[in-house]
Structures are given as structure tokens and as C-alpha cells.
Amino acid sequence: MKSKICVLASLALGAICPSILAQEAPPAGIVYGPKASFNISAPEGWVVDNESAKEQGMPCVLYPKDSSWSDAKTVMYAKVASPEWEGVNAFVAMAIKEMKAKHGTPKEKIASGKTKDGHDYFINEYPATKTYSQWERVGYVQLPQGVAYIVLTSRDQASYQKDLGALEKVLKTLVYIEPKSEVASGQEYARRYRQLLHQHSEGQIEPLLTEWREKAPDDPDAWITSANYYFNQRQMRLEMKEPSPGDITVTDKRTGKVGSISHEEDKPGMKRAVELLQEATTKFSDHLDIWCGLAFMYQESGDFDNELATLKKMVVYTREHPTQLKWLKGEPLSEPADKFVPEKLHEYGLYYEKKENADDDKRWYQIATLATDQYPNDPQGFKDAAGYWADLGEWKKARESFEKAHQLNPKSVGTLIGLGQISAEMEDFVSARKYYEDALKLEPNGQYSQTAKESLQKLKKK
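Residues numbered from 1 in each chain as written. Predicted model: local features only at pLDDT ≥ 70, side-chain atom pairs only at ≥ 80, totals over all residues. Heavy atoms only, no water.

Scanning the protein chain from N- to C-terminus turns up 16 helices and 14 strands. The buried share among the 462 residues of the protein chain stands at 45%. When the accessible surface of the protein chain is totalled, it reaches about 24,500 Å², and 49% of it is carbon and sulfur. (Helix = DSSP H or I, 4+ residues; strand = E, 2+ residues; numbered from the N terminus. Buried < 20%, exposed > 50% of the residue type's maximum accessible area, 1.4 Å probe, protein only. Areas by Shrake-Rupley, 256 points an atom, 1.4 Å probe, with all protein chains shown as cover.)

Mapped onto the elements of the fold, Lys215 is located in helix 5 (residues 202–215). Assessed through its relative accessible area of 48%, Lys215 is described here as partly exposed. In the structure, Lys215 is positioned 26 residues away from Tyr189 in sequence and 9.9 Å away in space, judged by C-alpha atoms.

Another point: the pattern of salt bridges. A full pass over the atoms with the stated rule returns 16 salt bridges. Salt-bridge contacts for Glu125 lead to Lys107; the nearest nitrogen and oxygen are separated by 3.7 Å. Linking Glu125 in strand 8 (residues 120–126) with Lys107 in strand 7 (residues 107–114), this pair joins segments that are 18 residues apart in sequence. Its salt-bridge partner being Arg363, residue Asp360 comes within 2.8 Å of it at the nearest N-O pair. With Asp360 and Arg363 both in helix 11 (residues 358–374) and three residues apart, this pair spans about one turn of that helix. Owing to a relative accessible area of 8%, Asp360 belongs among the buried residues under this scheme. On the basis of relative accessible area, Arg363 is assigned to the partly exposed category, the value being 28%. A single salt-bridge network, built from bridges that share partners, covers Lys107, Glu125 and Arg137. (Salt bridge = Lys/Arg side-chain N within 4 Å of Asp/Glu carboxyl O.)

Side chains of residues three or four places apart in an α-helix project in the same direction, reflecting 3.6 residues per turn. Considered for burial, the residues of helix 16 (residues 449–459) that qualify are Ser449, Ala452, Ser455, Leu456 and Leu459. Down the axis of helix 16, the buried side of the element spans an arc of 130 degrees, and every buried residue falls inside it. Structurally, helix 16 contributes buried residues whose contacts are with helix 14 (413–425) and helix 15 (429–442). (Arc of directions from axis to C-beta. Contact = heavy atoms within 4.5 Å.)

With that settled, the discussion passes to the confidence of the model for the protein chain. On average, residues of the protein chain carry a pLDDT of 84, and 84% of them reach 70 or more. Here residues 1–26 is modelled with pLDDT under 50, and outside its nearest four sequence neighbours on either side it reaches 80 contacts, counting other chains as well. (pLDDT = per-residue confidence, 0-100.)

Moving on, we get to the packing of aromatic side chains. On inspection of all chains with the given rule, the structure shows 16 aromatic pairs. Centroid distance Tyr193 to Tyr229: 6.4 Å. Interplanar angle 85 degrees. Geometry classified as edge-to-face. Here Tyr229 lies in helix 6 (residues 220–231) and Tyr193 lies in helix 4 (residues 186–198), a separation of 36 residues in the sequence. Overall, Tyr193 belongs to the buried group, its relative accessible area being 10%. (Phe/Tyr/Trp six-rings, centres within 6.5 Å; stacked < 30°, edge-to-face > 60°.)

What follows is about the sheet that holds strand 4 (residues 46–49). Across the sheet, seven strands lie side by side as 4-5-6-10-9-8-7; this open sheet has antiparallel pairing. The two strands at the open ends of the sheet, each matched to only one other strand, are strand 4 and strand 7. Going from strand to strand, the sheet's axes swing by 20 degrees on average, the running direction of each strand aside. Examined bridge by bridge, strand 7 and strand 8 share five bridges and lie antiparallel to one another. Along strand 8, the bridge assignment pairs Ala111 with Ile123. (Pairing = 2+ DSSP bridges. Axes fitted to C-alpha atoms, helices over the stretch in contact; angles between N-to-C directions.)

It is worth spelling out the side chain of Ser159 at this point. Secondary-structure assignment places Ser159 in helix 2 (residues 157–163). Those residues within four positions of Ser159 in sequence are excluded, and the remaining contacts are Lys73, Thr74 and Ser154.

Here we take up the pairing of strand 5 (residues 61–64). As defined by bridge partners, strand 4 adjoins strand 5 across four bridges and the pair is classed as antiparallel. Paired with Asp49 across the bridge in strand 5 is Val61. Here two bridges tie strand 5 to strand 6 (residues 74–80), and the two strands are oriented antiparallel to one another. Bridged to Leu62 within strand 6 is Met76.

At a minimum axis distance of 9 Å, the contact between helix 15 and helix 16 shows a crossing angle of 150 degrees. Taken together, the axes of helix 15 and helix 16 are roughly antiparallel relative to one another. In the packing of helix 15 onto helix 16, the handedness of the crossing is left-handed. For the pair formed by helix 15 and helix 16, the contact residues are Phe429, Ala432, Arg433, Tyr436, Glu437 and Leu440 on the first element and Ser449, Ala452, Lys453, Ser455, Leu456 and Leu459 on the second. Here the residues of the contact of helix 15 with helix 16 sort into seven nonpolar, two polar and three charged. (Parallel < 35°, antiparallel > 145°, perpendicular 65-115°, else oblique. Left-handed = near helix turned anticlockwise from the far one by under 90°. Nonpolar A, V, L, I, M, F, W, Y, C, P; charged D, E, K, R; others polar.)

Residues Leu288, Leu311, Leu345 and Ile367 are the most contacted members of the largest nonpolar core, which totals 44 residues. One finds Ala42, Cys60, Val80 and Tyr121 within the second-largest nonpolar core, a separate group that totals 28 residues. (Core = buried A, V, L, I, M, F, W, Y, C linked by side-chain atoms within 4.5 Å.)

In C-alpha cells form, the structure reads like this:
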């Protein structure tokens, strides 16, 4: 049956604000901009939150401990101005001009001082108006090649008067972060890595990869490239034996004998590759390509238990963080996570389905079950489960799974064909005929149409 059954905000670019955790240190965060970055700490009684306002374009916000981003009467957020604004005075003049209609005329430079590392700051106040009820003050800092600004905004004047001092406390913790030098950039390391590979300078590659990870700790490509390097240390081996389903095969032109190609595993290299990707999944958890790469390495080494465990951890993370997920080269997912991830699980399951043996079929079913349990609104896992039960001749269970897939996607012609085949096996010829006819209505000349027509011809004899 197997062969037949068929992932003020308008004034600045978005910033990243990962938490900095340290013992006996106040909550802190780093705000990254295109040309300048800085570190700030929350004042006593306040917290830094990196998640709650991401979708609003503010991934670094602060509010009192006894409240939240959504209900606090006073909050703050920190940003770096867009790259065209390197001078603080020009940026503030533009901001005042754009905000004047709503905010009125601000009180300029009501306070000033120096940041923790000696950069000058000043504060403007933007009182509430008839058209804008928020009370706000903004601290501006001139940084090398950029402008930092921190906004304090309150819902009413009483809250503003109570909390306004928190802004200067934050400004006094600010520390400028030097941008990465060109030699430390990921692109430069990637270029040098490709050059060493081309020159077969293996002795220099490992030190370069180590330096890349040390000097560019926020670059996921440093870990991905390193893991791929160690993974590819495997040696290809030609075995003139009867190939198994799914094997890569080659034919000896002299004898006509067919053999299979396999990789002789370099265990230290594979172990190091896995360690690097395990580390990367904790550093760059939103990169699903890293999770999938780790699962693939386990698959290649025949370690299904760890492969499945990795896929489960990936699913847990994506269910808890459905937005801001990334794929290759840090690009956003091409589909919503609840569609993208089930399709990836299906691809891992197909690897075992194609092997066509009982043990691998069980592994196929375990991955399908992960999909149906965690993504019950996606039909693919149910179709995979139906194929597994059909292979065992468990027609009732197969039909139940196909029916669930059909409910989720009534226009799937492949599912209708599967239901027709299962119904025919169960000698429910009336249902089989209806499923084939429905498939033809949806797809009169598609890839499944010939199967449906031939099956209907056979049913006429029943």
C-alpha cells in the first residue's frame, strides 16, 4: 500500500535586546542598532522585558516589577535611531517637527548629565495635550556614529510625577558598545574559511573556526559552518552489496554489479559537530534550521532517539515562541510556524517510510504522532499515520486517520484517493466510489485522475 497511498517607533529601526544575566547585578539589556549599540540596566524596582513588545517593534522595554507591559501606568523603551541620524541635534529637531501636531511644543533640555561611560545626555519633556493624553520625557545620547534614545511614557500626570526619575537612573547606567571590527565580521570569517578550504589548508581551518565563534558570538553562521566542517569529515565508502531501500546506489560499468554508497563515520568529527549544534540551539533557539540540522546529524548517525528528542524540543520551542522564528540565513519562515513545522516533521518521517522495514516504519509513525499531537489542525501528520496503518493492514485505523485529514482539508485530492483505496480494501465499495468521484471533480486531469479513473473501472465489476 505504501507506494499507492498517498515554517515613536517609526523613528528608528528595530533593535534586539537580549537579557544579560549576572549574579548580584541589576536586570540589564543590550540594545543593538545598525551603527551603534549600548548596554543599559534597569533601576531598582524595574525589570527589562525582551518579549512582550516585540510585535510592536520595541524588543527592549522596562516597567515596574509589580506590573506588566500591558497594564503598567508608566513604561520605558530603548532604541537606536535610524542609521541616517548620526547627530543627536538633527535627530531631535526632526522628532520634534514630526511630533509637534500631536505633542505640542516640548520643554527642551530640562535635565542633562553623563552616562556611565561619560557620554553626554539631555532630556526633553513632552507634556500631555488635548489630542494626546500621554505624559512623556525622552533621554537622548550622542554615541559614535549613532543616537541612543530612551522614552518614558505615563498614562496620567500623577503616574508621570511618581516615576519620572527612573529615566535618568537608566541613562546613568548606559554604556556604549564598540561595533564589531571588519575582521571580526561573519562575512570576513566566511570568506577566509572558503579560501582555506580551496587551498586545502586544513591545519588553519579549526583555529579560524574557533576564533570566529569567540570573536562573533552572536553570529549563528559561526556555529553552523563549524558543525558542517566537522560533519563533512566523514569518508565516503563504496560497498558492492545488495542495496537497501533508500540507499544511494552505483553500478559497476565493467561487471554491471550494483552496490551502495555509504559514509564511514568519523566519530570524533560527528561528536564535535553535534556538540556545536547543541550549543547553537541554546544560543539561537529561534533558528529552526539549526534544530533541523541537529536532527539530521542524529539521523545520519543512526541515533533515532536523539533525533526524535531534538524534534520534540524544537516543537516545544516553536509552540511557545510562534513569532520571530527564522530559517536559512536568518530569513523569516516562508509560512506560519503551525504549517511550516509539520511539513518539516513530514520530511523527517519520509526518510524512514522509504526504508520499508518494520523498525523504520515504527519510527515513521512516532514522528507522525508527534505532528498529530502537537499540530492537530494540520492534515499531514494524519495522512502519514494513515499510511502507516495501511501498511499494517489496519484498515479501520487507516480510514480514521484519513478521515481526520479530509476534515482538515476537504480539497486534498491525495487524501480522497487514499480514502477510496482504504474503503475498497474494507469492501465498502459505495464509499470508495464516492471518494474517487469526488477526487475527479476536484482534479479531472491532475496527477491522481488516472488512478481514480482506473479504480472506478475496477469498482464497476464489484
